[in-house]
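# A structural walkthrough
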Amino acid sequence: MSLRIGDTAPDFSADTTTGPIRFHDWIGSEWAFFFSHPADFTPVCTTEMGRTAQLAEHFAARGVKPIGLSTDSVSEHVKWIEDVNDTQQTTLLFPIVADADLEIAKLYDMIHPSESATAAVRSVFIIDPDKKIRLTMTYPMSVGRNFDEILRVIDALQTSDTYKIATPADWVPGAQVIIPPSVTDAQATAAFPQGYTTLRPYLRTVTL
Ligand code: BEZ
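Each value, and the rule that gives it
- Residues numbered from 1 in each chain as written.
- Predicted model: local features only at pLDDT ≥ 70, side-chain atom pairs only at ≥ 80, totals over all residues.
- Heavy atoms only, no water.
- Domains from an automatic or database assignment.
- Core = buried A, V, L, I, M, F, W, Y, C linked by side-chain atoms within 4.5 Å.
- Buried < 20%, exposed > 50% of the residue type's maximum accessible area, 1.4 Å probe, protein only.
- Helix = DSSP H or I, 4+ residues; strand = E, 2+ residues; numbered from the N terminus.
- Salt bridge = Lys/Arg side-chain N within 4 Å of Asp/Glu carboxyl O.
- Pairing = 2+ DSSP bridges.
- Axes fitted to C-alpha atoms, helices over the stretch in contact; angles between N-to-C directions.
- Contact = heavy atoms within 4.5 Å.

Here the protein chain is described as being made up of domain 1 (13-146) and domain 2 (164-206). The C-alpha centroid of domain 2 is placed 35 Å from the C-alpha centroid of domain 1.

Below is the structure:
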């Protein structure tokens, strides 16, 4: 069965390029960006791995630990990282899970047989410190992910947790947010002393 938002991310033990891990222990009290790849030594995956490495300080600033997976061995991953570093001008330090037997890819429903029976599609799981899945995205093998969007949704989730708000279409940090309909006007007045705008009773916006 596929994993859904709000489910506990399945725990697992695995070998990775930074040593063996138990997933929940490795996440600890931070967030995780867990993302899968079809295979090592492939072009789109190489750019995605490089981009994640380049954004290391942006993930760290948000308390998020990246961790990749592809259905290859640690020794292949380690050789591939040299290529990633070389071609993408970066230093990849986050772990990549070895999953040659597809056990974890199957646990996370990353194998979509119409795409490939042996390689993972491009899945994304954003997992919070309580180990709950907060966001999933699935891309086909031919389409590289947009890492600005990955950072944006992490910002949206963390802002929503802090202020109990929702974010509108195309929201970026600093833009107005939405006061959910479950919040009464009296509660909104107390929570947002800076004031808010009522466009409709169900559509209230506020600048944080
Ligand atoms: C790639 O990463 O370039 C790729 C991998 C598998 C299928 C298609 C593209």
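Next comes the rest of the description.
Attention shifts here to the nonpolar core. Within the largest apolar cluster, 25 residues are counted, with the highest numbers of intra-cluster contacts made by Phe 33, Met 49, Phe 59, Leu 92, Ile 126 and Ile 150. Mapped by element, the contributors of at least two residues to this core are β3 (31-37), α2 (43-54), α4 (74-88), β6 (122-127), β7 (133-139) and α6 (147-163). Per-element accounting of this core gives the leading share, six residues, to α6. By size, the runner-up hydrophobic cluster in this structure holds 23 residues, among which are Ala 14, Ala 32, Ala 105 and Ala 120.

Further remarks concern the pattern of salt bridges. Side chains that differ in sign of charge can pair as their charged atoms come close. This structure, assessed with the given rule, holds eight salt bridges. Note that Glu 48 and Arg 122 form a salt bridge whose closest N and O atoms lie 2.8 Å from each other. Here Glu 48 is found in helix α2, whereas its partner Arg 122 is found in strand β6, with 74 residues between them in sequence. For the residue pair Glu 48 and Arg 122, the accessibility class agrees, reading buried in each case.

Pairing within the open sheet is antiparallel, and its three strands lie in the order β8-β10-β9. Strand pairing shows two members of the sheet lacking a second neighbour, β8 (177-179) and β9 (197-200), which therefore form its edges. When strand polarity is set aside, the average angle formed by the axes of neighbouring strands in this sheet is 40°. Of the strand pairs in this sheet, β9 and strand β10 (residues 203-206) are connected by three bridges, and their pairing is antiparallel. Directly across from Thr 197, in β10, lies its bridge partner Thr 205.

This next bit is on the environment of Asp 83. Inspection of the secondary structure assignment puts Asp 83 in helix α4. Once the C-alpha coordinates of Asp 83 and Asp 40 are considered, the two residues, 43 residues apart in sequence, prove to be 10.0 Å apart. Not counting residues within four places of it along the chain, the set of residues in contact with Asp 83 comprises Phe 41 and Gln 88.

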